There are 2 protein chains.
Amino acid sequence: MEFIQSAKNDQIKQAKKLTTRKYQERNHSYLLDGWHLVKEAIQSGAEISKIFATEKYLNERELRAYYDQTIEIAPEVAQHLSDTQAPQGIFAVVAVPEQTMPAAFDGQWLFLDAVQDPGNVGTMVRTADAAGYQGVVFGRGTVDPYNPKTLRAMQGSQFHLPIYQSDLGDWMTAFKKAQLPVYGSELNPQAVSYTDVPAGEAMALVVGNEGNGMQAQFLRQTTQNLYIPITGQAESLNVAVAAGILMFALRG
Amino acid sequence: MEFIQSAKNDQIKQAKKLTTRKYQERNHSYLLDGWHLVKEAIQSGAEISKIFATEKYLNERELRAYYDQTIEIAPEVAQHLSDTQAPQGIFAVVAVPEQTMPAAFDGQWLFLDAVQDPGNVGTMVRTADAAGYQGVVFGRGTVDPYNPKTLRAMQGSQFHLPIYQSDLGDWMTAFKKAQLPVYGSELNPQAVSYTDVPAGEAMALVVGNEGNGMQAQFLRQTTQNLYIPITGQAESLNVAVAAGILMFALRG
């Protein structure tokens with residue numbers, strides 16, 4: 001087995017680049033950090049081209065089938081590859097799955113319109129997974145799903161439900177054509193309480209940017225806008241909490 | 001008006017100490033960081049003993065009534081007082097309000113049992129505020145409510161609903177005496193779905209530690225334990241999201 005001792009090694013430089021959107025798009029793959037997530041990738045049958053592991057992982061049963069793709073790295077190299085202070089010492093290069101819009105939709109979908117905090121976005125994907133949603137569409141301007149911080153907050157949910165990086169307008173048009181509601185989440189005079197729409201129906205829920213809400217062009221296309229009635233004095237809810245309340249209230 | 005140019009000034013040293021629980025308890029006050037929060041403190045009539053402000057805030061209308069308590073600080077001093085990288089440059093020393101357990105309870109309450117992440121805890125208090133809860137009890141082992149990170153996530157909700165730092169056992173006993181349910185949040189064989197308990201009743205909801213859940217001694221005292229049915233493959237929900245779903249489902 002190959003052993004890499006220096007962060008200047010070319011393979012390590014290439015792997016580190018896979019934490020950025022530009023290189024993810026160019027190479028159709030991303031870098032996953034941590035044992036729990038690498039195990040999830042293996043168990044879900046994700047396409048893994050390389051595993052970089054420090055010595056302590058080399059005897060793990062789950063890695064046996066990946067012997068040919070596994071490269072041992074020194075702890076200093078793990079530190080370089082990770083954006084955490086105390087990396088576990090194992091990484092995988094995972095293919096970004098090709099996703100094409102389904103011809104028909106069922107169940108519930110989450111659309112992200114320029115949501116920017118990777119922790120919030122990752123948490124929302126994890127919540128969509130837990131609520132049994134069919135997929136999450138990352139609209140333009142939304143943070144990269146394969147950013148290290150997003151990946152940490154998703155906790156492997158990208159292996160449980162499909163993630164699309166796409167133009168939300170196309171998806172909204174497709175839902176309308178299928179006569180399925182697209183619910184915006186925005187407090188405006190026409191908005192209704194989320195408790196006033198039926199649960200369990202096929203639909204899409206759009207969550208907007210933390211500061212600015214949904215983009216006007218998409219807001220115009222929603223079937224209805226939902227709001228969460230605030231009874232206390234808080235001005236608003238954390239966006240991931242608000243999305244969680246809506247997703248669970250509307251699920252099947 | 002006094003002007004402090006050095007972080008070594010004694011008043012600044014004292015103020016900085018008020019970001020730690022030990023000195024907060026000793027002095028019954030904490031340090032609040034940022035203009036939005038300081039304004040909230042002023043508007044809510046909180047007891048403010050000192051305001052440290054950089055030059056740009058000195059003409060703010062809201063500060064006029066606090067002229068005698070206001071001390072100008074240099075930007076370097078603001079940097080020292082803050083735990084953020086780009087502090088706004090205004091701080092207030094705010095009294096920790098004396099809270100005693102009410103003689104009778106109504107509405108909904110949130111109990112925190114050894115919840116440790118300040119961001120999660122702050123977000124939960126903000127959500128409790130938005131959901132119209134009556135108060136939040138910080139049980140022993142729960143992160144400090146006046147920790148700078150908790151304060152940031154609370155976004156001023158400590159001025160909207162009372163916060164108690166207390167023994168959860170005493171509160172649970174008091175609720176039982178009043179014949180009000182105390183709902184645990186823990187998946188065990190006796191647990192029921194949160195959708196199966198009535199909304200809007202007076203009750204307390206207990207949220208447990210992120211990794212270990214509720215402490216056994218408290219779990220034994222709950223009226224019933226609630227769980228959130230997970231339909232996807234996610235193993236769990238983020239604790240602040242789970243608490244948000246429960247709080248909104250059970251509120252009045």
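Along each chain, residues carry numbers from 1 onward, in the same order as the chain's sequence is written. Following the order in which they are written, the chains are lettered starting with A and the ligands numbered starting with 1. For this predicted model, a pLDDT threshold of at least 70 governs which residues receive local features, and a threshold of 80 or more governs which side-chain atom pairs are given and counted, while totals over whole chains, interfaces and linings are taken from all residues. Side-chain descriptors were evaluated using all non-hydrogen atoms of the structure, hydrogens and water having been removed beforehand.

### Structural notes on the UniProt feature "domain: RNA 2-O ribose methyltransferase substrate binding" (unreviewed entry) in chain A
UniProt positions are given in the numbering used here, feature names are shortened, and annotations may be inferred rather than shown by experiment. Feature annotation in UniProt places "domain: RNA 2-O ribose methyltransferase substrate binding" (unreviewed entry) on residues 31-100 of chain A, given in this structure's numbering. Across residues 31-100 of chain A, the secondary structure splits into 23% helix and 27% strand, with the terminal C-alpha atoms separated by 22 Å. For helices the rule is a DSSP run of H or I covering at least 4 residues; for strands it is a run of E covering at least 2, with both sets numbered from the N terminus onward.

### A closer look at the layout of surface pockets
Buriedness for pockets is judged along seven lines, at least five of which must meet protein on both sides within 12 Å for an open set on the 1 Å grid over protein atoms alone, while cavities are sets there where a 1.4 Å probe fits but cannot get out, and lining residues have an atom within 4 Å of a point. Grid points are joined across faces, edges and corners, and a volume is the space filled by probe spheres set on the points. Approximately 780 Å³ is the volume found for the largest pocket. Lining the largest pocket we find 25 residues, and of these Asn120(A), Asp117(B), Gly119(B), Asn120(B) and Thr123(B) sit closest to its centre. Contributing elements (two or more residues each) for the lining of the largest pocket: helix H5 (118-130), helix H6 (148-154) and helix H9 (239-250) of chain A together with helix H5 (118-130), helix H6 (148-154) and helix H9 (239-250) of chain B. Here the lining of the largest pocket gets 5 residues from one element, more than from any other, and that element is H5(B). A breakdown of the residues in the lining of the largest pocket according to their chemical character gives 7 nonpolar, 10 polar and 8 charged. Residue polarity follows a fixed list, in which Ala, Val, Leu, Ile, Met, Phe, Trp, Tyr, Cys and Pro are nonpolar, Asp, Glu, Lys and Arg are charged, and the others, Gly among them, are polar.

### A short note on the domain arrangement of chain A
By a widely used convention, the size of an interface equals the accessible area lost when the partners come together. Residue and element names in this part refer to chain A. Domain boundaries shown here were taken from an automatic or database domain assignment. By the assigned domains, chain A splits into domain 1 (3-95) and domain 2 (108-250). Using C-alpha coordinates to define each centre, domain 1 is positioned 31 Å away from domain 2. Tallying the contact residues gives 15 residues for domain 1 and 15 residues for domain 2. Together domain 1 and domain 2 conceal approximately 1,200 Å² of surface at their shared face, both sides included; 55% is due to carbon and sulfur atoms. We define a salt bridge as a side-chain nitrogen of Lys or Arg found within 4 Å of a carboxyl oxygen belonging to Asp or Glu. Here domain 1 and domain 2 share 1 salt bridge between them. A salt bridge links Arg152 to Asp83; the nearest nitrogen and oxygen atoms lie 2.8 Å apart. Any pair of residues with heavy atoms lying within 4.5 Å of one another is described as a contacting pair. What counts as buried area is the accessible surface, traced by a 1.4 Å probe, that two parts surrender upon association, with contributions from both included.

### Quick look at the nonpolar core
Leu110(A), Met124(A), Leu110(B) and Met124(B) are the most contacted members of the largest nonpolar core, which has 112 residues in total. Not counting chain neighbours up to four residues away, the residues in contact with Met124(A) comprise Leu110(A), Leu112(A), Val115(A), Val207(A), Val239(A), Ala240(A), Ala243(A) and Met247(A). Core analysis: the second largest hydrophobic core is formed by 17 residues, Phe111(B), Val137(B), Val206(B) and Met214(B) among them. What we call a nonpolar core is a set of buried Ala, Val, Leu, Ile, Met, Phe, Trp, Tyr and Cys residues that are connected through their side-chain atoms within 4.5 Å. Classification of residues uses two cut-offs on accessible area relative to the type maximum, computed with a 1.4 Å probe and protein chains only: under 20% is buried, over 50% is exposed, and between them is partly exposed.

### Some details on the sheet that holds strand S6 (residues 108-112) of chain A
All names here are of chain A. By definition, two strands form a pair when at least two bridges between them are found by DSSP. Within the open sheet, the 7 strands sit side by side as S8-S7-S6-S11-S9-S12-S10. Their pairing is parallel. Across the chains shown, the open sheet's two edge strands, defined by having one partner strand only, are strand S8 (163-165) and strand S10 (192-193). Judged from the 3 bridges that link them, strand S9 (residues 182-185) and strand S11 (residues 203-207) form a sheet pairing that is parallel. Looking at S11, one finds that Gly184 is bridged to Val206. Orientation is described by axes fitted as lines to C-alpha atoms, over the contacting stretch for helices, and by angles from 0 to 180 degrees between their N-to-C directions. Contacts from H9 reach S6, S9, S11 and strand S12 (224-227) within the one sheet, and its direction differs from that of S11 by about 170 degrees.

### Side note on the pairing of S12(A)
Residues and elements named next belong to chain A. Alignment of S9 against S12, held across 3 bridges, turns out to be parallel. Bridging across to S12, Tyr183 finds its partner in Gln224. Bridge count for S10 against S12 is 2 bridges, and the pairing is parallel. Paired with Ser193 across the two strands is Tyr227, which belongs to S12.

### So, the packing of H5(A) against H9(A)
Residue and element names in this part refer to chain A. Relative to each other, H5 and H9 sit at 15 degrees, their axes nearing to 9 Å. Considered as vectors, H5 and H9 are oriented roughly parallel to each other. Viewed along their axes, H5 and H9 form a crossing whose handedness is right-handed. Between H5, through Asn120, Thr123, Met124, Thr127, Ala128 and Ala130, and H9, the contact on the second element is made entirely by Val239, Ala240, Ala243, Gly244, Met247 and Phe248. Of the residues that constitute the contact of H5 with H9, the class distribution is 8 nonpolar, 4 polar and no charged. Oblique is the label for every angle not falling under 35 degrees (roughly parallel), over 145 degrees (roughly antiparallel), or within 65 to 115 degrees (roughly perpendicular). Working rule for handedness: look at the near helix, and if it is turned counterclockwise from the far one by less than a right angle, call the crossing left-handed; if clockwise, right-handed.

### Things to note about empty space enclosed by the protein
All names here are of chain B. For the coordinates displayed, the defined rule picks out 1 cavity of 30 Å³ or more. In this structure, the largest cavity occupies an estimated 80 Å³ of space. Along the walls of the largest cavity sit Thr19, Leu31, Asp33, Leu37, Leu81, Ser82, Asp83, Phe91, Pro148, Leu151 and Arg152, which together make up its complete lining. Only strand S2 (29-33) and H6 provide two or more residues apiece to the lining of the largest cavity. Composition of the lining of the largest cavity by domain shows at least three residues from each of domain 1 (3-95) and domain 2 (108-250).

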